[in-house]
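Chain residues, written in single-letter form:
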Amino acid sequence: GEQVEQLPSILRVQEGSSASINCTYENSASNYFPWYKQEPGENPKLIIDIRSNMERKQTQGLIVLLDKKAKRFSLHITDTQPGDSAMYFCAAGSNYQLIWGSGTKLIIKP
Amino acid sequence: DPKIIQKPKYLVAVTGSEKILICEQYLGHNAMYWYRQSAKKPLEFMFSYSYQKLMDNQTASSRFQPQSSKKNHLDLQITALKPDDSATYFCASSQDNWVEQYFGPGTRLTVL
């Protein structure tokens, strides 16, 4: 079936630096790309999303880039803080379904 | 004030038994979903419903049956439980189709 590849699976960055997570998708009909943050013991929470009519979206220290030709999208977290430590999931959506990446564990080092 | 309610929060069952996981959303959304999360599969889509109609089923086993008695309810019945069914089951909802899904707090199921 369709897959979304998410890399890296684990990301360690120094507090205050930037973190980047990349996802690639297979279905060229995908038109919606959300990012979710999940803290231990909690549910996934939508933090930012982008639709296929945009190439870039930014909100509160988060930047999402979408390259439809390459079927690639990415999340960039600027000025990381300890509270950014969590699992992050990307997904690609079309036809009543989101295809999910396998997640990235982000660890912010003090 | 929780907008998506899942009951129970924790559930322990014996192999072979049957359980129903409850989900209610008070966001006025038209679409609802079930997901499963375990150590083996980080986040696995199971079902999607729109206006109480099944839109997509990615669950291979017929032991998993969603039940929608009202637009804002989507329960999940699991029969003949197996230890491999142990996971956290998340219900989610969205206003339309598959975009902007919001997750409930989850039900953690353990099958002994």
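Just so you know, these numbers come straight off a predicted model, no measurement behind them.

A. Structural detail: the pairing of strand S4 (residues 31-37) of chain B. Residue and element names in this part refer to chain B. Most of S4 sits out of view: 7 of its 7 residues are buried. What you see with S4 is no split at all: Ala31, Tyr33, Tyr35 and Gln37 on one side and Met32, Trp34 and Arg36 on the other are buried throughout. Inspection of the sheet shows S4 paired to strand S5 (residues 44-50) by 6 bridges, in the antiparallel sense. Residue pairing across strands places alanine 31 opposite serine 50, the latter belonging to S5. Here S4 folds back onto S5, and the loop between the two strands holds 6 residues. Relative to strand S9 (residues 87-94), S4 runs antiparallel, the two being bridged by 7 bridges.

B. Structural context of the side chain of aspartate 49 of chain A. Within the element layout of this structure, aspartate 49 of chain A appears in strand S5 (residues 45-51). On the basis of relative accessible area, aspartate 49 of chain A is assigned to the buried category, the value being 9%. A distance of 2.8 Å separates polar atoms of two side chains, one belonging to aspartate 49 of chain A and the other to tyrosine 32 of chain A. Within the structure, aspartate 49 of chain A has its side chain in polar contact with the side chain of lysine 57 of chain A (distance 3.0 Å). Not counting residues within four places of it along the chain, the set of residues in contact with aspartate 49 of chain A comprises Tyr32, Phe33, Pro34 and Lys57 of chain A together with Glu100 of chain B.

C. Local environment of the sheet that holds strand S7 (residues 64-67) of chain B. All names here are of chain B. Taken together, 4 strands build an open sheet; the order of strands is S1-S3-S8-S7 and the sheet is antiparallel. Pairing within the sheet leaves two strands with one partner each, and these edge strands are strand S1 (4-7) and S7. The mean inter-strand angle of the sheet, taken between neighbouring strand axes irrespective of direction, is 15°. Both S1 and strand S3 (residues 19-25) contribute to a ladder of 4 bridges, which runs antiparallel. Counterpart to glutamine 6 in the pairing with S3 is cysteine 23.

D. Spatial organisation of the state of the cysteines. Residues and elements named next belong to chain B. Scanning the model with the defined rule gives 2 disulfides over all chains in all. Here cysteine 23 engages in a disulfide with cysteine 91; their sulfurs sit 1.9 Å apart. Between cysteine 23 and cysteine 91, the S-S dihedral sits near -65°, and the bridge is therefore left-handed. Of this pair, cysteine 23 sits in strand S3 while cysteine 91 sits in strand S9, placing them 68 residues apart in sequence.

Basis of the calculations
- Residues numbered from 1 in each chain as written.
- Chains lettered and ligands numbered in written order.
- Predicted model: local features only at pLDDT ≥ 70, side-chain atom pairs only at ≥ 80, totals over all residues.
- Heavy atoms only, no water.
- Buried < 20%, exposed > 50% of the residue type's maximum accessible area, 1.4 Å probe, protein only.
- Helix = DSSP H or I, 4+ residues; strand = E, 2+ residues; numbered from the N terminus.
- Pairing = 2+ DSSP bridges.
- Polar contact = N/O pair within 3.5 Å; in protein donor to acceptor, adjacent residues only side chain to side chain.
- Contact = heavy atoms within 4.5 Å.
- Axes fitted to C-alpha atoms, helices over the stretch in contact; angles between N-to-C directions.
- Disulfide = S-S within 2.5 Å.

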